[in-house]
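# Architecture and fold: a report
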Amino acid sequence: MNQNIMKKYFFPADSKKRKTGIRLAGIALTALLLVSAFAWSAGLIGQRNTTRTFLENTPDSFPAGYRRAHGKGICFEGTFHASGNAVPLSIAQVFGQKDVPAVGRFSLGTGNPHAPDNSSRTVSMALMLTSADGEQWRMKLNNKPFFGTRDAVGFLKQIEAFKPDPTTGKPNPEKVAAFLKEYPEAKKSMEYDAKAPWTKSFAGSEYYVINAFLLIDSNGKEHPVRWSMRPHAPFVSMSAEERKKAGPNYLFDELKKRLEKAPLYWDLVLTIAEPGDPVNDPSQQWPANRKQIIAGTLEVNRVFDQAEGGCRDINFDPTLVPKGIALSDDPVLAARAGIYSHSYNDRVREIGYGKATDAVGKPKKDNSQNK
């Protein structure tokens, strides 16, 4: 701002006017700081990671209307039957209501919505339970029981460290070594990925929430927990040879065939932390001897294509929890809310502009008799 203008309006000779000018200058400075803070938090200025950063690698040619992660999926409907065992731990009605409507999604751990099923070891379950009081509990679970790094930024650094060097076609050993020095816990995750079996069915997979949450009881006491969906169907692994011969949609086709015969079931298992267990580090598992409670059983009755709607238009943000469940201070959990929001907004925008004909289903042919 011009110095003469500053002196005239903000620092006039008159004492009363000077005080007014100082107040106006303070207001202007505060406004400038607020605007700058907003721009910084949105990633508009400065060099830093934001939740939008996690979607920057999405190609411009990405099919419109699909999720940016776990793009290939199928909707399901069912019912959660609460056991009542978790009522002493939480006032959430979902734990005491006998039958709770459930809608969810099984998906493959890849962004490509048209990827073959043998392209990823990761399979996932997303779920939304809506209790009679209108409260919703949304969750996102994977078949891997922990996260690769202690925070979300580590995930980005791992991607960068393992990018193939243009000259060798392999990751730069120095970058990999530097990353593992900063995030030594990632080595455990890499070893797990190299050895973990591939599942032959969505039905026999156990799905884990990697983050800790807090159950709040009627006295206001907090109980740190993690949970998983433990299948009634047995786990069956798939060999490398079987994967090579399998069709591109073998997991989804097998799921449909199972449900034609009978419903599928998973127990909601709550694992209760003890003092000293890390509740803010999703890369660390809790000891196997921790107390577990079966809070209820999920019954899945049918699956249907996500183009029909249902799960397609739900943001399965795991931070959306009912009264009686609270978020822990896990930094990955905090980051997931923003990432899910960006992905949801992107695909809703594409659907709204009519770009997502594949994701929402092909338009029906005009009937001349109705014109």
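These numbers come from a predicted model, not from an experiment.

Definitions and cut-offs
Residues numbered from 1 in each chain as written. Predicted model: local features only at pLDDT ≥ 70, side-chain atom pairs only at ≥ 80, totals over all residues. Heavy atoms only, no water. pLDDT = per-residue confidence, 0-100. Contact = heavy atoms within 4.5 Å. Phe/Tyr/Trp six-rings, centres within 6.5 Å; stacked < 30°, edge-to-face > 60°. Helix = DSSP H or I, 4+ residues; strand = E, 2+ residues; numbered from the N terminus. Buried < 20%, exposed > 50% of the residue type's maximum accessible area, 1.4 Å probe, protein only. Disulfide = S-S within 2.5 Å. Salt bridge = Lys/Arg side-chain N within 4 Å of Asp/Glu carboxyl O. Core = buried A, V, L, I, M, F, W, Y, C linked by side-chain atoms within 4.5 Å.

The next point concerns the confidence of the model for the chain. Scored by pLDDT, the chain comes out at a mean of 83, with 74% of its residues at no less than 70. Between residues 28–56, whose pLDDT stays under 50, and residues either more than four places distant or in other chains, the model counts 31 contacts. A low-confidence stretch, residues 363–371 (pLDDT under 50), is modelled with 1 contact involving residues beyond four sequence positions or located in other chains.

A few words now on the packing of aromatic side chains. Scanning the model with the defined rule gives 13 aromatic pairs in all. Between Tyr207 and Trp266, the ring centres sit 6.3 Å apart and the planes meet at 50 degrees, which makes this aromatic pair tilted. One end of the pair, Tyr207, is in strand E6 (residues 207–208); the other, Trp266, is in strand E10 (residues 264–272), with 59 residues separating them in the sequence. Here Tyr207 matches Trp266 in class, with each residue buried.

A few words on the environment of Val123. Within the secondary structure, Val123 sits in strand E3 (residues 123–130). A relative accessible area of 0% places Val123 in the buried class. Residues Val123 and Thr199, spaced 76 residues apart in sequence, show a C-alpha to C-alpha distance of 8.3 Å. If sequence neighbours within four positions are ignored, Val123 has contacts with Ser107, Leu108, Leu141, Asn142, Asn143, Thr199, Phe202, Ser205, Tyr207 and Leu251.

To continue, consider the state of the cysteines. In this structure the tally under the stated criterion is 1 disulfide. Across a sulfur-sulfur distance of 2.0 Å, Cys75 and Cys311 are joined as a disulfide pair. As the torsion about the S-S bond is roughly -80 degrees, the Cys75-Cys311 disulfide counts as left-handed. On the criterion of sequence distance, the pair formed by Cys75 in strand E1 (residues 73–82) and Cys311 in the loop between strand E11 (292–304) and strand E12 (325–327) is long-range, its members being 236 residues apart. When its relative accessible area of 0% is taken as the criterion, Cys75 is described as buried. On the basis of relative accessible area, Cys311 is assigned to the buried category, the value being 0%.

Residue position: Phe179 is located in helix H4 (residues 173–182). For Phe179, a relative accessible area of 4% puts it in the buried group. The spacing of Phe179 and Ala161 is 18 residues in sequence and 6.4 Å in space, taken between C-alpha atoms. Not counting chain neighbours up to four residues away, the residues in contact with Phe179 comprise Thr149, Gly154, Lys157, Gln158, Ala161, Phe162 and Ala186.

Further remarks concern the pattern of salt bridges. For the structure shown, the criterion picks out 12 salt bridges. The shortest N-O distance in the salt bridge between Glu241 and Lys245 comes to 3.9 Å. Highlighted residues: Glu241 and Lys245, both in helix H6 (residues 240–245), separated by 4 residues, approximately one helical turn. The exposed category is assigned to Lys245, whose relative accessible area is 66%. Beyond isolated ion pairs, a larger network of salt bridges with shared partners links Glu274, Asp277 and Arg290.

When a protein is soluble and globular, its nonpolar side chains tend to lie buried together. If you look at the biggest cluster of nonpolar residues, it comprises 49 residues, and the most contacted ones within it are Phe95, Phe106, Leu129, Trp137, Tyr207, Trp227 and Met229. Setting aside chain neighbours within four positions, we find Phe95 in contact with Ala82, Gly84, Ala86, Val87, Ser90, Trp137, Leu215, Leu268, Leu270, Ala295 and Ile325. In terms of nonpolar packing, the next biggest core, distinct from the first, is built from 8 residues, Met128, Phe304, Cys311 and Phe316 among them.

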